[in-house]
Amino acid sequence: MSITKNCLPREMTIFHKIGETDGVATYHKTYIKNVRLDERLAVNQNNTGEKTLETFRAFIDLKSSIATDGQNRQTYISSEIFQTLSSSEREGYWTVCEGDYVFPLILSAEDAAKSVTILKNKMRVFTVNSFSVQYDSHGIHHLEVSGRGKLLE
C-alpha cells in the first residue's frame, strides 16, 4: 500500500553528481513532487559552545511521488546502475545517493540553470548523508533520504 497523497505535500530538487569536466562538477537534476519532507534544527554542544545545523528526512513513495526532469517523467533506478548508463540512456531515469544535494523546493528554470555553488550560497540546501530503500512484499515501497544543511553560526 502506498503512502497517501495527504502525507506527501512537499516538493524538492535533487542534484545528483555524475562526474567532472575540467574540474567542474556536472549534475543530473530531478524535480520531485508529492514527497514527505521533515526538516529540523539540531543543536550540538561542544567545549567551545553550541553549533546549530539543519537536518532533513525525505520519504519518497515511488507510486505517489512524481519525478521529472522538468518536462518528462522519470523512473527511479539505483545509483550503481545509473552510473553505468551513457548520457542519452540516463534520460527518463533518476537516482539519489550520499553526497547529492537536495533543495527543499522545485527550482525555477532560471535557478536550475545556475551552478550548484551559486545556489548553495543563495538558498537553503541539504547534503544527503544517508539513503535507504524500504521494501515490502511487492518490491520497493519507498525511499528514505536524510542529511544535513549548513552550520548556522
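Residues numbered from 1 in each chain as written. Predicted model: local features only at pLDDT ≥ 70, side-chain atom pairs only at ≥ 80, totals over all residues. Heavy atoms only, no water.

1. Structural notes on the confidence of the model for the protein
Reasoning step 1: Looking at the protein as a whole, its pLDDT mean stands at 87, while 93% of the residues score no less than 70.
Reasoning step 2: The least confident element of the protein, judged by mean pLDDT, is strand β9 (residues 139-152) at 83; the most confident is strand β6 (residues 93-94) at 97. (pLDDT = per-residue confidence, 0-100. Helix = DSSP H or I, 4+ residues; strand = E, 2+ residues; numbered from the N terminus.)

2. Topic: the environment of Glu 110
Reasoning step 1: As for its placement among the helices and strands, Glu 110 is situated in helix α2 (residues 109-112).
Reasoning step 2: A sequence separation of 92 residues divides Glu 110 from Ile 18, and the C-alpha atoms of the two residues are 21 Å apart.

3. So, the side chain of Asp 100
Reasoning step 1: With respect to the helices and strands, the residue Asp 100 is situated in the loop between β6 and β7 (101-103).
Reasoning step 2: One buried charged side chain, Asp 100, makes no salt bridge at all; its nearest oppositely charged neighbour is Lys 17, positioned 8.9 Å away.
Reasoning step 3: A polar contact is formed between the side chain of Asp 100 and the side chain of His 16, at a distance of 2.7 Å.
Reasoning step 4: Within the local environment of Asp 100, its side chain forms a polar contact with the backbone nitrogen of Lys 17, the two atoms lying 3.4 Å apart.
Reasoning step 5: Every residue in contact with Asp 100, bar those within four places of it in the chain, is listed here: Ile 14, Phe 15, His 16, Lys 17, Thr 95, Phe 126, Thr 127 and Val 128. (Buried < 20%, exposed > 50% of the residue type's maximum accessible area, 1.4 Å probe, protein only. Lys, Arg positive; Asp, Glu negative; His and termini not counted. Salt bridge = Lys/Arg side-chain N within 4 Å of Asp/Glu carboxyl O. Polar contact = N/O pair within 3.5 Å; in protein donor to acceptor, adjacent residues only side chain to side chain. Contact = heavy atoms within 4.5 Å.)

4. What to know about the nonpolar core
Reasoning step 1: Ranked by internal contacts, the top residues of the largest apolar core, which has 18 residues, are Met 12, Ile 32, Phe 56, Ile 60, Trp 94 and Val 145.
Reasoning step 2: Of all the secondary structure elements, the ones that give two or more residues to this core are β1 (10-21), β2 (24-46), β3 (49-61), β8 (126-136) and β9.
Reasoning step 3: In terms of nonpolar packing, the next biggest core, distinct from the first, is built from ten residues, Leu 107, Ala 112, Leu 119 and Met 123 among them. (Core = buried A, V, L, I, M, F, W, Y, C linked by side-chain atoms within 4.5 Å.)

5. So, the pairing of β2
Reasoning step 1: Two elements, β1 and β2, share eleven bridges in a ladder whose sense is antiparallel. For Thr 13, the partnering residue across the bridge sits in β2 and is Tyr 31.
Reasoning step 2: Alignment of β2 against strand β4 (residues 66-68), held across three bridges, turns out to be antiparallel. Its bridge partner lying in β4, Ile 32 is registered against Ala 67.
Reasoning step 3: What sits between the antiparallel neighbours β2 and β3 is a turn of two residues. (Pairing = 2+ DSSP bridges.)

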